[in-house]
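Fold and contact review
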Amino acid sequence: MQARQALDLLSLQEKYQKSQLSPTELIESLYPDITGIDAEGVWTYLVPKMNLLNRADELETLDVEDRQSLPLWGVPFSVKDCIDIADLPTSCACDRFTYTAKATNPVVQALLDAGGILVGKTNLDQFATGVVGVRTDFGIPRNPFNADYIPGGSSSGAAVSVARQFVSFAIGTDTGGSGRVPAALNNLVGLKPTRGLLSTRHTIPACRTLDCVSIFALNVADAAEVFEVAKGFDPLDPFSRPAPSAEADKSVDAFTFGVPAEEYLQFHGNQDVEARFREAIARLIDLGGTCKTIDYAPLLEATNLLFKGTWIAERYASVGRFVEENPEAVHPAVRTAVLNSKSLSAVQVFEDQYKLASIRRAIAPMWEEIDVLIVPTIGTAYTIAEVEANPVDLNLKLGYYTNFVNLLDLAAIAVPNGFQSNGVPCGISLIGRAFSEPYLIQLGAKFTN
């Protein structure tokens, strides 16, 4: 992958402070890249260059004190195109669905208010259905490390926009892994906060009771800084939750981490990903961790509920009428998933709710024994051709280590973990109880530094 100007927050802010770069100069230098061949499939909407320059000029006219009060002054970012931004199109990667938004999601507004520069809206699996990143009307974003491979989804364009360093960070969403699978495949940090900490108001939901707004960043520190700006209780979002009062920080100098028992580790024949995961375990032990195997069966049972259970009906509640009225406008795999859910009964929904409650109770003792759960973010990587030939089964396999997290009200951060021999990155996910973001961020930073 071609090296581009360093856009991590520390590098960018240092250049600004030393007057080595201005927001206007940054936009001028970035624009050939964000409109070039490497950007094919990344954008569903790109802010016109003149608008970006006007935004840069607006920021540059602020006095020094006002600039210093804006933590993201002059920082470029992108937003997944299932999230509304007033006066811009929202497409959900379905051309016929496109409308002009009347309001702005509160997370995006907070980032703009903090001085960020919105560069564009990014591609995704249609209606955020899938973790492969190839189900779209706007072209497939190519994996920056090996163009034969999928970028991961559903937040495909968001992840690639950061990996290509078109932007410093990106806002995506995560229902069953959409903020973590693309992070693994693009060598990024993907922070999936506790449900409700980032407002999902003015988004097109995939599963409204489970959806999270997620963050893609080049490193853990950047993800943490963006998270601090973006979070906040939204009284107009019925699923928003305030963060509890901060507890005393747990030490990451000595910790116990769980890993799935050997019979549950699935790499689908990928020896590279398996080797990198075992190396990660060894590194965590070297960093002061004690490894404990856990029974993954309850978590796997929860994973199977997301796409094989009744939560898929939430996708019909969101966009089912549109899909029924415009079946030819929707990707076949997405159309099938949405329309098949219409036959589910209320009785089945309640039965799955009971089952999930039992699983939550069953795993409660696990959190008394471990501080954090460590899993591969993905067990293997697939080519675009492989996914197009087998869209359903491979999508399910990619969610093996991710689908249970929101169902069980957990927090997670995906971090890079080396590369495969084909050049495609690997990753691990650190998973903790709800509201454990500060701890996960500390441990993720320790692992990646």
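Right, let's walk through the structure included here. Since the structure is predicted, the reported quantities are computational estimates derived from the model, not experimental observations.

Details of the pairing of strand S9 (residues 255-260)
- Counting buried positions over the 6 residues of S9 gives 5, a clear majority of the element.
- Note: S9 against strand S10 (residues 289-294), 6 bridges, orientation parallel. Each bridged residue has a counterpart across the sheet, and for valine 259 the counterpart in S10 is threonine 293.
- Each parallel crossover has a hand, and the one from S9 via helix H9 (residues 271-286) to S10 is right-handed.
- Summarising the sheet, S9 and strand S11 (residues 372-376) pair through 2 bridges and their orientation is parallel. Its bridge partner lying in S11, phenylalanine 257 is registered against valine 372.

Notes on the environment of leucine 396
- Within the element layout of this structure, leucine 396 appears in helix H16 (residues 391-398).
- For the pair leucine 396 and glycine 130, spaced 266 residues apart in sequence, the C-alpha to C-alpha distance is 8.5 Å.
- Those residues in contact with leucine 396, other than ones at most four positions away along the chain, are Phe307 and Lys308.

Some remarks on the environment of valine 213
- Relative to the assigned elements, valine 213 resides in strand S8 (residues 212-217).
- Those residues in contact with valine 213 that lie beyond four places of it in its chain are Val107, Ile171, Gly172, Thr173, Pro193, Leu198, Ser199 and Thr200.

Focus: the packing of aromatic side chains
- Per the stated rule, a full pass over the model turns up 16 aromatic pairs.
- Measuring from centroid to centroid gives 5.1 Å for phenylalanine 97 and phenylalanine 322, while their planes differ by 85°, and the two rings are edge-to-face. Of this pair, phenylalanine 97 sits in the loop between strand S3 (89-90) and strand S4 (99-100) while phenylalanine 322 sits in helix H11 (residues 313-325), placing them 225 residues apart in sequence.
- Among the aromatic residues, ring-to-ring pairing joins Tyr264, Tyr296, Tyr400, Tyr401 and Phe404 into one connected group.
- For the cation-ring pair, lysine 250 lies above tyrosine 439, with the distance from its terminal atom to the ring centre recorded as 4.4 Å.

Some thoughts on the pattern of salt bridges
- One pass over the full model with this rule turns up 17 salt bridges.
- Here glutamate 58 and arginine 55 are joined by a salt bridge, their closest N and O atoms 3.2 Å apart. In this pair, glutamate 58 and arginine 55 are both assigned in helix H3 (residues 49-60), 3 residues apart and thus about one turn of the helix distant.
- For glutamate 58, a relative accessible area of 44% translates into the label partly exposed.
- Aspartate 253 is paired through a salt bridge with lysine 446; the nearest N and O atoms lie 3.8 Å apart.

A short note on the state of the cysteines
- Evaluated as defined, the whole model comprises 0 disulfides.
- Left unpaired, cysteine 82 is separated from the closest cysteine sulfur, that of cysteine 92, by 5.4 Å.
- Here cysteine 82 falls in the buried class, since its relative accessible area comes to 1%.
- Among the cysteines around cysteine 212, which has no disulfide bond, cysteine 207 carries the closest sulfur, lying 11 Å off.

Points about the nonpolar core
- One finds Leu111, Ile171 and Phe404 to be the most contacted residues of the largest nonpolar core, which totals 131 residues.
- Residue contacts for phenylalanine 404: discarding those within four places in its chain leaves Tyr296, Leu299, Ala302, Thr303, Leu373, Leu410 and Ile431.
- In terms of nonpolar packing, the next biggest core, distinct from the first, is built from 17 residues, Val181, Ala184, Ala381 and Val424 among them.

Side note on the side chain of threonine 303
- Of note, threonine 303 is situated in helix H10 (residues 297-308).
- Threonine 303 sits in the buried class, given a relative accessible area of 6%.
- At 3.3 Å, the side chain of threonine 303 forms a polar contact with the backbone nitrogen of phenylalanine 404.
- Ignoring any residue separated from it by four or fewer positions in sequence, one finds threonine 303 in contact with Gly399, Tyr400, Asn403 and Phe404.

How each quantity is defined
Residues take numbers from 1 onward in each chain, read along the sequence in its written order. pLDDT decides what is reported in this predicted model: residues at 70 or higher carry local features, side-chain atom pairs at 80 or more are listed and counted, and totals for whole chains, interfaces and linings draw on all residues regardless. Hydrogens and water molecules were not included; the side-chain quantities draw on all heavy atoms of the structure. Here the term buried applies to any residue with accessible area under 20% of the maximum for its type, exposed to any over 50%, and partly exposed to those in between, with areas from a 1.4 Å probe on protein chains only. The helix and strand labels rest on DSSP assignments: H or I over at least four residues marks a helix, E over at least two residues marks a strand, and numbering proceeds from the N terminus. For two strands to pair, DSSP has to find at least two bridges joining them. Think of it like this: strands point away, you trace from the first strand over the helix to the second, and a clockwise trace means the crossover is right-handed. In this description, contact between two residues means that some pair of their heavy atoms is separated by no more than 4.5 Å. Any two of the Phe, Tyr and Trp rings considered here, Trp counted by its six-membered ring, make a pair once their centres fall within 6.5 Å; the pair's planes then place it as stacked at under 30 degrees, edge-to-face at over 60, or tilted in between. When the NZ atom of lysine or the CZ atom of arginine is within 6 Å of a ring's centre and also within 35 degrees of its normal, the charge is said to sit over that ring. Counted as salt bridges are all cases of a side-chain nitrogen of Lys or Arg within 4 Å of a carboxyl oxygen of Asp or Glu. Count a disulfide wherever a pair of cysteine sulfur atoms falls within 2.5 Å. Residues belong to one nonpolar core when they are buried, are Ala, Val, Leu, Ile, Met, Phe, Trp, Tyr or Cys, and are joined through side-chain atoms within 4.5 Å. Two N or O atoms form a polar contact when they lie within 3.5 Å of each other; inside protein one atom must be a possible hydrogen donor and the other a possible acceptor, and for residues adjacent in sequence the pair counts only when both atoms belong to side chains.

Fair warning: the whole summary comes from geometry, so function is off the table for now.
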